[in-house]
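Residue strings, one per chain:
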Amino acid sequence: MMPAERELAKVPLRERAWFKELMFTLRRIRESPLSLAGLAIVLFFVAIAVLAPVLAPPRPGRDPFVMPRYGYLATPKPPSKEYPFGTAEGQYDMFYGCIWGTITAFRVGLIAVGGSLAIGITVGAISGYFGGLVDDVLMRITDVIYAFPGLILAMAFVTAFGVGLDNVIKALVLVGWPTYARLTRAGVLQTKQEDYVEAARAIGASNFRILVKHVLPNSIYPVVIVSTLDMGSMVLTAAALSFLGLGAPIGYADWGQLIAMSRNWILGEAGNPFAYWHTYTIPGVFIFTFVLGWNLLGDAFRDILDPTLRRR
Amino acid sequence: MASQVSTNPNERGPHSQNTLMEVRDLKVRFYTYEGVVKAIDGVDLDVVEGETLGIVGETGSGKSVTTYAMMNLIPPPGRIVGGRVIYYRDGRSLVLTEMNEEDLRKLRGAEISRIFQEPKAALNPVFKVGDQVAEAILIHRMEEMLQRASESLSEEVERGSGIRKVIASWELAVVRRALKNPDDILLKLLLKIPVLRRLYWSPVKREARREVVKLLRLMGIPDPERVYDMYPHELSGGMQQRIVIATALSCNPRLLIADEPTTNLDVTVEAQILELMKELKRKFGSTLVYITHDMGVIAEMADRVAVMYAGTICEVADVYTIFKSPLHPYTRGLLEAIPMPGRELKDIPGTVPNLINPPSGCRFHPRCSKAMEKCKQYKPKLVEVEPGHWVACFLYHDVRVQEEGEGV
Amino acid sequence: MGGMRTYIIRRLLLIIPTLLGVSLLIFAVSMVFSPEERAALYVTEGSLKAAARIEAIIKKYGLDQPVYVQYFKWLSSVLRGNLGWSKSLNIPVSRAFTELWPASVELAIYAVPLIVLTGIFLGKISAVHRDRLPDHLSRIFAIVGWSLPTFWSAIVLLAVFYGALGIFPPGRLGPEAQSIVHSPGWVEYTGLYTIDAILNRNLFVLVDALRHLFLPVLNLVIVGNAGIMRVMRSSLLEELHKEYVMAARTKGVPEKVVIDKHAMRNALIPVVTLAGIMVANFMTGLVITETVFEFKGLGYWAAHAATQLDFPAVLAFAMFSGIMFVVANLVVDVLYAYLDPRIRLG
C-alpha cells in the first residue's frame, strides 16, 4: 500500500462501516422469529447436502447425480420401508433423487447467483464509476435484458444453445446480472461522492485502485444481501425449466425433473385419486421449503436494510 | 384541600375566568419497540379564553404531545394513561379524555384546530390545496353550505336558461331535501350512485369553494381563485403555511393550536406569518396556544407562557414576568441561552434525558446547578408562588407530587 | 392538461430505442445459428420442398451478408408480419399467434384484475391492522405464494380439484362444449369462449368455459399477488406515518376516509410502478400454468415449442413478452403522471 493509503486504512476493524452493518444485521436476525426459521431451514438443507453421500450412498463407479432405478415398470411405487419416498415413474428411487436433488439445487443456485453477482458487480461498478457514454450504453443493455421475463429469456437461450442443466445455469446468469448491476451502480454513485474517495484521488491512487479498495467494499453490502433473496427465485426458475423438459434430463437427481416425471400420475387411479401422491408431493415440498427458507432469510435481510423500517 | 398554597392554576373552579380548557394531571406513554416512553408525566395546564398561551421547551419536552392531548388525538403507539382534559363550552364542560371518537371528530377541525410545523408535510401532495381547505368546511359546515347553495340555486333557476337551468333545478331539489331532513333514506341512496351524487356535491362544493377563496384572500394570498387549483409543491413555504392556517381557521375554531408554525420558514416570511396570525386572532376572536422553542417569538406573540421540560411543566407566568423575573433554573437557562451581542453565550449543560428511563424526582435535576438532595428523590408540584406565577421547584416551595400509595 | 400531452409524447418516443434494443437482442440470439438454420425462419410453408428453397432464401434475404444488412432485412420482415415457421405446430408463427392468443387473453382478463385487487386488498388490511392477526395471515399467505413453484401448485390443484373431486377439469372446454363451438351455428366474435358464449346466448358453453378457467386463474392469482401485496403493505405503512395523515385527522376527517381517500391515493403510486414486473411475472406464470392445465394458449405453445427446439416460435414469444413489458411500463408512466401531480407539473 502507498504510505498515505496506509493512513487511511488505519481505521480498526471494529469501526469499519461494513463490519458494524454486519453486526447490526446479525443481531436483528436473532431477534426475529421468521428470519430464524428461514435460517434454520437453510441450515437444514445445507446439512442434507453435506450428508448426502451418507444418507443416500451413490453406487460406485456411477455418476452420483443419476438416480438408481430398481426395475423398468412405469407405475410408481408408494413409500415403503425399502424405498422411504417410494419410486418415480420408471422405478427411480425418489429418496435418492430428493436428497441428491438438494445438492443440485445448491449447485445451480450458488453458481447462478455467484456468476450473476460477479458480472453484475463488475458492470455496475464500471458503469457507476466512469459514467458518461459507457454508463449509458451499459444501462441500455440492462434495460433490454430486464424487459424479458427470466424464464422466457432462459427458454430462448436453452432452445438456441441446447437443453441441459449447464445451459440452464448459463441462462440464469444471463438473466440475473442486470439486477445486481443496477444495485451496484446505485451504490457506487453514492459512494463515489464521499470524501475518502476524493482523498484517495488526491493522493494519486489509480482509478482501478480506488474502485476496488475504497468504493466497492462500501457499496456492495446491500447487493450481496439482496442476492440471498435471489437464491430462492433462481432455484424456482431452474426447477420450472427442468419441469418443462429444458433442464435436467430424465433420471437426473433434480427436483423439477422429478415433478415432471409425475405428470402422468397426478390423477391416481380409479377409486384412489391420490395413489401416487408421493411422486409430486414430496419433491414439491422439498422445493417449496427450500425456497421458503431462502425467502424468509432474504426478507429478513431486506427488512433490516430498509432505512425507513429501521427507525422506530 | 388542606394545603395553604394553591396547587392548581385556576383552582377557583371551572366556571371562573372564562377558562377554555383544563389539562389535569395528564400522563401519556408511548409503547415502542425500545421500551415505554413516559412522555408526559403529570401536566397541569389551563387555557384562558381569548389569550395567547405560549408553550416553550426544547425538542422532546412534550409540547406537541400535550397539545395533541387537547384534542385527544395521541398517535399510536401513544396512549393517555392518566389525567383528564376538560373543554368548556357555553358553561358546560366536556371531558375530552372520556368522549367517543364520533363526538371528538365533531370538535376537531371545527372548534379545536391545529397548524403544523412543516406545511409541506401537512398538505396531501396529490390533492389541490383549495380542496384540502374545503374539506374541513364540507365536514363541519355542511348545513351552512347547503343553505347557501339553496339560495344561489334558486336564483339560477329563476334567471337561468337551457340545460344549465334544468340541472340547477334538479340540484335545488336535492339540496332542499337534504336541508329538510339530513337523514333522508332516498338521499343516502342517491349519494351512493356515482354520477347522480354530483347533484348533491357539485352545488355544495361550489359554495365551499367560494368560502375558501374568501378565506385565502384573508390570508393575504394573491389571486386566490388560481391558487385554489394548485398543488402543494407548486407553492412556496410561506404560501403553504398560509394554506394550512386557512384550513385551521376555516370553521371558526375557538381554540387554535399552532405547533411551531414558523420554525421551518425563512426569517422574513416568518415575520409576515406572525403578523398574519396576530391579525387573524384578533379578527376571529380565537384562543391561541402557540408552541415554540424560540424565546423571541414568545416575546412577540404570547400573553402567558408555560415552560416545559421533559414532559413536565416547570413554570407558568405572564410573558413579562417570565422575561423579567424567571424563577425556575431551566427558564433562566433558556433565557440566558438566547444569543445577544456583548454577552457570552451560555448553554445549559447536559442533554435532554431519555424518557424511557427518566431521571428520578425532578426531571431537571441532573442538569440543574442548584439541585438539592430532595430534588433527586421527589418531584416538585406546580405551585402558585405569586399571583399568576406558578413554579415547580423546591427552591421556592416544598410541595411534592404525591405518588400513588404515598401519604401527604 | 397540456403538460400531460407532452409528457405522453415524450414517453412514447423514449420507448423506441428500448424496443429497438429488444429486437436487437432477439436478433443477436438468433445469429447463433448457421445461415441454413436461419433460412428456416423465413420458410412459411413447411415441407420437404423447403430444403431445396433454402439456398434461394439465403440468397434472397442475404443471410450470408454483413450483420447490419441482415438485421435490417430481418426487422423489416418482422414488421411486415413474417415471423417464420413454427415447426412444432406446422403453421406460420404469425398464424399460431392469432389462433392462440385469445386463450391467453381470456386467462388474463380474469386473472389480472383478481391479482391486482386481492394484492391491494390484502396489503391494505395488512398495513391497517399491523402486527395483528390479519397482518400475520396476509403475510404468511404472501410469502407462501412467493415460494410456491407455479407448476407444483398447478399440479396439486389439478390433483385435488380434478383428480379427486372432478369439478374443475383441465383444458379450455369439455368435449360437448367443443362440438358446440365448432358447429356451424356458432359465431366466433372474439375467440374468448366466455364472451362468445354470452354473445351466442349459450349458457352451457359459458358455464363449461368458466369451469375450465377456474383452476388456471386460481393458480395465477395465488402465485401472482404476493408482489403487489408486499409493496402495498409497506407503501401504505409509510404513508400512514406521514404528517398529512395526522393533519387530516385534526380536521375531523373520519378514519375510514383518512385511509381510503388520503393515504391510499398516495400509497397506490408505488404499486402502480410495479406493473412492468407484474407483466413479466404474469407471462412466466402463463407459460407454466397453461402447460400444466393443457390450456392451449401462447404460453402452452411456447413451452411446447421449446422442447421441440422450435426456435422461431420461442423467439417470437420472447419478443412478444419483451414488447408487453415495454408497453406496460409506458402505460404505468402515463398512469403515474396522472396519479401524482408532482410528476406532470414538476
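Residues numbered from 1 in each chain as written. Chains lettered and ligands numbered in written order. Predicted model: local features only at pLDDT ≥ 70, side-chain atom pairs only at ≥ 80, totals over all residues.

### Let's talk about the overall build of chain C
The test is simple: Starting at the N terminus, helices and strands are each numbered in turn, a helix being any DSSP run of H or I of at least four residues and a strand any DSSP run of E of at least two. Here, residues touch in the contact sense if the C-beta positions derived from the backbone fall within 7 Å of one another.
The secondary structure content of chain C amounts to 16 helices and two strands. When contacts within chain C are restricted to residue pairs at least 6 apart in sequence, those whose partners lie at least 24 apart make up 72%.

### As for the sheet that holds strand 4 (residues 78-89) of chain B
Residues and elements named next belong to chain B. Put simply, the rule is: At least two DSSP bridges between two strands are required for those strands to pair. Lines are fitted to the C-alpha atoms to define the axes, a helix being fitted only along its stretch in contact, and any angle between axes, read from their N-to-C directions, falls within 0 to 180 degrees.
Spatially, 2-1-4-5 is the arrangement adopted by the four strands of the open sheet, whose pairing is antiparallel. Bordering the open sheet on either side are strand 2 (35-48) and strand 5 (92-95), each of which pairs with just one other strand. On average, each strand axis in the sheet is tilted by 10° relative to the strand beside it, whichever way the strands run. Here strand 4 pairs with strand 5 via four bridges, running antiparallel. In the sheet register, Tyr88 faces strand 5, and the bridge partner there is Ser93.

### Some details on the interface of chain A and chain C
We count it as follows: Charged residues are taken to be Asp, Glu, Lys and Arg, nonpolar residues to be Ala, Val, Leu, Ile, Met, Phe, Trp, Tyr, Cys and Pro, and polar residues to be all remaining types, Gly included.
Counting residues at the interface gives 40 residues for chain A and 41 residues for chain C. With ten residues, helix 6 (residues 150-161) of chain A is the largest single contributor of residues to the side of chain A that touches chain C. When the residues that make up the side of chain A that touches chain C are grouped by side-chain class, the tally is 29 nonpolar, eight polar and three charged.

### Side note on the environment of Gly114 of chain A
Residues and elements named next belong to chain A. As a reminder of what qualifies: Partly exposed residues are those falling between the two cut-offs: more than 12 but fewer than 20 other C-beta atoms within 10 Å of their own, whereas 20 or more means buried and 12 or fewer means exposed, with C-beta atoms placed from the backbone.
Here Gly114 is to be found in helix 4 (residues 94-130). By C-beta crowding, Gly114 is classed as exposed, having 12 other C-beta atoms within 10 Å. Along the backbone, Gly114 and Gly176 are 62 residues apart, and their C-alpha atoms lie at a distance of 10.0 Å.

### Here we look at the sheet that holds strand 3 (residues 52-56) of chain B
Hydrogen bonds along the backbone pair up the strands of a sheet, which may run parallel or antiparallel. Residues and elements named next belong to chain B. As summarised here, the arrangement of the eight strands in space is 6-7-8-3-9-10-12-11, forming an open sheet in which the pairing is mixed. Bordering the open sheet on either side are strand 6 (112-115) and strand 11 (383-386), each of which pairs with just one other strand. Within the sheet, the average angular offset between the axes of one strand and its neighbour, ignoring direction, is 25°. By the bridge criterion, four bridges tie strand 6 to strand 7 (residues 255-259) in an arrangement that is parallel. When the bridges of strand 7 are listed, Ser113 appears paired with Leu256.

### Describing the packing of helix 13 (residues 275-292) of chain C against helix 15 (residues 311-339) of chain C
Residues and elements named next belong to chain C. Keep this limit in mind: Orientation labels follow simple angle bins: below 35 degrees gives roughly parallel, above 145 gives roughly antiparallel, 65 to 115 gives roughly perpendicular, and whatever is left gives oblique. For any pair of crossing helices, the crossing counts as left-handed if the nearer helix is rotated counterclockwise from the farther one by less than a right angle, and right-handed if it is rotated clockwise.
One can describe the packing of helix 13 onto helix 15 by two numbers: an axis separation of 8 Å at closest approach and a directional angle of 155°. Considering their axes alone, helix 13 and helix 15 lie roughly antiparallel with respect to each other. Remark: the crossing between helix 13 and helix 15 carries right-handed chirality. Contact residues: Ala275, Gly276, Val279, Ala280 and Met283 in helix 13; Ser321, Met324, Phe325, Ala328, Asn329, Val331 and Val332 in helix 15. The class makeup of the residues in the contact of helix 13 with helix 15 is nine nonpolar, three polar and no charged.

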